[in-house]
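# Notes for the structure review
One-letter residues, chain by chain:
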Amino acid sequence: MGHHGGKALVERLGVDITAVARVQALCVRRPDALLRLFTAGELADAGAGRQRWPRLASRFAAKEAVIKAAGGLRGSRYHDIEVRRVPGQAPQVAVYGPLADWLGTEGFRVQLSLSHEEAFAVAMVLLIPAGDDN
C-alpha cells in the first residue's frame, strides 16, 4: 500500500485452492459446466492428456482468486475470466464484461500465479493499482 498524488493505492489479494477431482467430477457429470466455466482457448490449452484436469483445476482456481480479489463477479460470469498461456511466459488473465469495466474504472491490473500438483491446484491473484509504478 502506498500513496500516489494524494490518492491511497491499495492492492487487493485473492487466493484459491481447488481439488482437481472436484472439477473433474463436476465437468464429467455435467458437460455443460465445461462450457459455462471455461473458454474455448482454456479448453484447448488444457489438452486431452493426463494433465487436462489439473490444468483446468488451476484455471478454475484462478477465476475464483480473481473473484475473491475483486470482491465478487460484479455481474460477470466465470466464462468472462480467461487464463491465457504464452509459452515461456507467466500466465495472463483476460477479463471481459462488467468485471472488466470495474477493473478499468478502479484502475487495477491483474497479476496471476498458478501451481498444481496431483490432487490440488492453487492460484494467487494480485490486483495492482495501475498508477502504482514503484
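Scroll up for the structure.
Presented here is a report on the structure given in the accompanying data block. (Residues numbered from 1 in each chain as written. Predicted model: local features only at pLDDT ≥ 70, side-chain atom pairs only at ≥ 80, totals over all residues. Heavy atoms only, no water.)

Below, the discussion takes up a nonpolar patch on the surface. A cluster of nonpolar side chains, contributed by Leu13, Val15, Ile17, Phe120, Val122 and Met124, occupies part of the molecular surface with about 540 Å² of accessible area. Of all the secondary-structure elements, those providing two or more residues to the nonpolar patch are strand S3 (12-19) and strand S7 (120-129). On the secondary structure map, Phe120 appears in strand S7. (Patch = residues over 30% accessible without salt bridge, like charges linked within 9 Å, V, L, I, M, F, W, Y side chains within 5 Å. Areas by Shrake-Rupley, 256 points an atom, 1.4 Å probe, with all protein chains shown as cover. Salt bridge = Lys/Arg side-chain N within 4 Å of Asp/Glu carboxyl O. Helix = DSSP H or I, 4+ residues; strand = E, 2+ residues; numbered from the N terminus.)

In this section: the sheet that holds strand S6 (residues 108-116). Pairing in this open sheet of three strands is antiparallel, and the strands run S3-S7-S6 from one edge to the other. The sheet is open, and its two edges are formed by S3 and S6, each paired on a single side. Taking each pair of neighbouring strands and ignoring which way they run, the sheet shows an average axis angle of 15 degrees. (Pairing = 2+ DSSP bridges. Axes fitted to C-alpha atoms, helices over the stretch in contact; angles between N-to-C directions.)

What follows is about the packing of aromatic side chains. With the rule as written, the count across this model stands at two aromatic pairs. Aromatic pair Phe60 and Tyr78: ring centres 5.7 Å apart, planes at 5 degrees, arrangement stacked. One end of the pair, Phe60, is in helix H4 (residues 52-70); the other, Tyr78, is in the loop between H4 and strand S4 (81-84), and 18 residues separate them in sequence. The ring of Trp53 carries Arg52 above its face, with NZ or CZ at 5.4 Å from the centroid. Sitting over the face of the ring of Trp102, Arg74 holds its NZ or CZ atom 3.9 Å from the ring centroid. (Phe/Tyr/Trp six-rings, centres within 6.5 Å; stacked < 30°, edge-to-face > 60°. Lys NZ or Arg CZ within 6 Å of the ring centre and 35° of its normal.)

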